[in-house]
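Architecture and fold: a report
Residues per chain are reported as follows:
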Amino acid sequence: MITVAIAEDHQALIDGIKSYVKYEDDISVIGHANDGEELLKLVRLKQPKVVLCDIRMPKLDGIEATKIILKELPYTKVVAFTMFDQDDAVKQMLAAGAQGYILKNSSLEIVLEAIRAVASGKTYYDKKIHLPDAEKNSSKSVLSSREREILQLIAKGRTSHQIAEELFIGKSTVDTHRKNMIRKLNLSGAGELLRYAVEKKYEF
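Residues numbered from 1 in each chain as written. Predicted model: local features only at pLDDT ≥ 70, side-chain atom pairs only at ≥ 80, totals over all residues. Heavy atoms only, no water.

The secondary structure content of the protein chain amounts to 11 helices and 6 strands. Its C-alpha atoms give the protein chain a radius of gyration of 17 Å, within 12% of the compact-globule value 17 Å for 204 residues. With the principal axes as the frame, the protein chain shows a C-alpha extent of 50 × 35 × 35 Å. Going through the 204 residues of the protein chain one by one, you find that 50% of them count as buried. For the protein chain, long-range pairs separated by at least 24 residues make up 61% of all intrachain contacts whose partners lie at least 6 apart in sequence. Summed over all atoms, the accessible surface of the protein chain reaches about 10,200 Å², with 51% contributed by carbon and sulfur. The distance from the centre of the 31 positive side-chain charges to the centre of the 29 negative ones in the protein chain is 5 Å. (Helix = DSSP H or I, 4+ residues; strand = E, 2+ residues; numbered from the N terminus. Rg over C-alpha atoms; globule rule 2.2 N^0.38 Å. Buried < 20%, exposed > 50% of the residue type's maximum accessible area, 1.4 Å probe, protein only. Contact = heavy atoms within 4.5 Å. Areas by Shrake-Rupley, 256 points an atom, 1.4 Å probe, with all protein chains shown as cover. Lys, Arg positive; Asp, Glu negative; His and termini not counted. Charge placed at Lys NZ, Arg CZ, Asp CG, Glu CD.)

When pLDDT is averaged along the protein chain, the result is 85, and 92% of the positions lie at 70 or above. Counting contacts from residues 132-138, a segment whose pLDDT is below 50, to residues more than four positions away or on other chains yields 6 contacts. (pLDDT = per-residue confidence, 0-100.)

For the rest of this paragraph, the subject is the packing of helix H2 (residues 36-46) against helix H3 (residues 62-72). At a minimum axis distance of 10 Å, the contact between H2 and H3 shows a crossing angle of 15°. By the angle between their directions, the pair H2 and H3 is classed as roughly parallel. Here H2 runs over H3; the crossing is right-handed. Two secondary-structure elements touch here, H2 through Leu39, Leu40, Val43 and Arg44 and H3 through Ala65, Ile68, Ile69 and Glu72. (Axes fitted to C-alpha atoms, helices over the stretch in contact; angles between N-to-C directions. Parallel < 35°, antiparallel > 145°, perpendicular 65-115°, else oblique. Left-handed = near helix turned anticlockwise from the far one by under 90°.)

So, on to helix H9 (residues 160-167). Since one α-helical turn is 3.6 residues long, residues separated by three or four positions face the same way. Of the residues making up H9, those classed as buried are Ser160, Ile163, Ala164 and Leu167. For H9, the buried positions fall inside an angular range of 100° around the axis, keeping them on one side. Buried positions along H9 lie against helix H8 (145-155) and helix H10 (171-184). Positive backbone phi, approximately 60°, marks Phe168, located one or two places after H9. (Arc of directions from axis to C-beta.)

This part is about empty space enclosed by the protein. Any space left empty among the atoms is revealed by the rolling of a water-sized probe across them. Taken as a whole and judged by the stated rule, the model has 2 cavities of 30 Å³ or more. In this structure, the largest cavity spans a volume of roughly 50 Å³. Along the walls of the largest cavity sit Leu70, Pro74, Gly97, Gln99, Ser144, Glu147, His177, Asn180 and Lys184, which together make up its complete lining. Tallying contributions element by element places H10 first for the lining of the largest cavity, with 3 residues. (1 Å grid on protein atoms, 1.4 Å probe; cavity = no way out; pocket = protein on both sides within 12 Å on 5 of 7 lines; lining within 4 Å. Points joined across faces, edges and corners; volume = space filled by probe spheres on them.)

Let us now look at the sheet that holds strand S3 (residues 50-53). Ordered in space as S2-S1-S3-S4-S5-S6, the 6 strands form an open sheet in which the pairing is parallel. One side of each edge strand has no neighbouring strand; the edge strands of this open sheet are strand S2 (27-33) and strand S6 (124-125). Pairing analysis gives 4 bridges linking strand S4 (residues 77-82) to strand S5 (residues 100-103), with the strands arranged parallel. Bridge pairing links Val79 to Gly100 in S5. This element, H2, spans strand S1 (2-7), S2 and S3 of the sheet and lies at about 140° to S2. Packed onto the sheet, helix H4 (residues 87-96) meets S4, S5 and S6 and runs at close to 145° relative to S5. (Pairing = 2+ DSSP bridges.)

Between helix H1 (residues 11-21) and helix H5 (residues 108-119), the least distance of the axes is 11 Å, while the angle of their chain directions is 70°. Considering their axes alone, H1 and H5 lie roughly perpendicular with respect to each other. Taking contact as the criterion, the partners of Gly16, Ile17, Tyr20 and Val21 in H1 are, on H5, Leu108, Glu109 and Leu112. A breakdown of the residues in the contact of H1 with H5 according to their chemical character gives 5 nonpolar, 1 polar and 1 charged. (Nonpolar A, V, L, I, M, F, W, Y, C, P; charged D, E, K, R; others polar.)

Let us now look at the nonpolar core. Grouped together as the largest cluster of nonpolar side chains are 28 residues, with contacts concentrated most on Leu39, Val51, Cys53, Ile69, Val78, Met93 and Tyr101. At 5 residues, the largest contribution of residues to this core is made by H4. Setting aside residues no more than four positions away along its own chain, Val51 makes contact with Ala5, Leu39, Val43, Thr76, Lys77, Val78 and Val79. Ile14, Val21, Val111 and Ala117 belong to the second-largest nonpolar core, a separate cluster that totals 19 residues. (Core = buried A, V, L, I, M, F, W, Y, C linked by side-chain atoms within 4.5 Å.)

Structure representation (structure tokens):
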């Protein structure tokens, strides 16, 4: 079951998604939040697999909320769910670690497609947004700040255990970040990630 949390301040939109999703056997909405701080509490409590996250929210915006969520719960997938289709908004959410980006005026079928895609480890971008090829392949825009930090240490030859000790996080968390980077950068495995890290370390 793909558990989903929704961060959105328009109750009618939340109700619409929940009504549509209740007929799906593989997706369940486990809660919603109307502001960024409430979202963090919800995610920490229920640990959903996917978060539909608005960018502009009271108290804490979606970009900062995404960074915090993925730092604390790296297995959770975040899909930006917003009216903003400007390049800067897209770049900032991708840099924060979002695996998907869809617009609120998209059909509910697209919402479900995005949820299923990111839950399976893929990325999903609304066809209506402008995502230049350079952005798709840029590690700066695609990787989160924590992933870039780990990539720098990989470039220095650190093992997962050494990285975990240096950053005061669990080794399993480091391994999860490695897998996510391999997926995001379309690499074939750990060896290719190391080569990529060595080649790109001066760009960070």
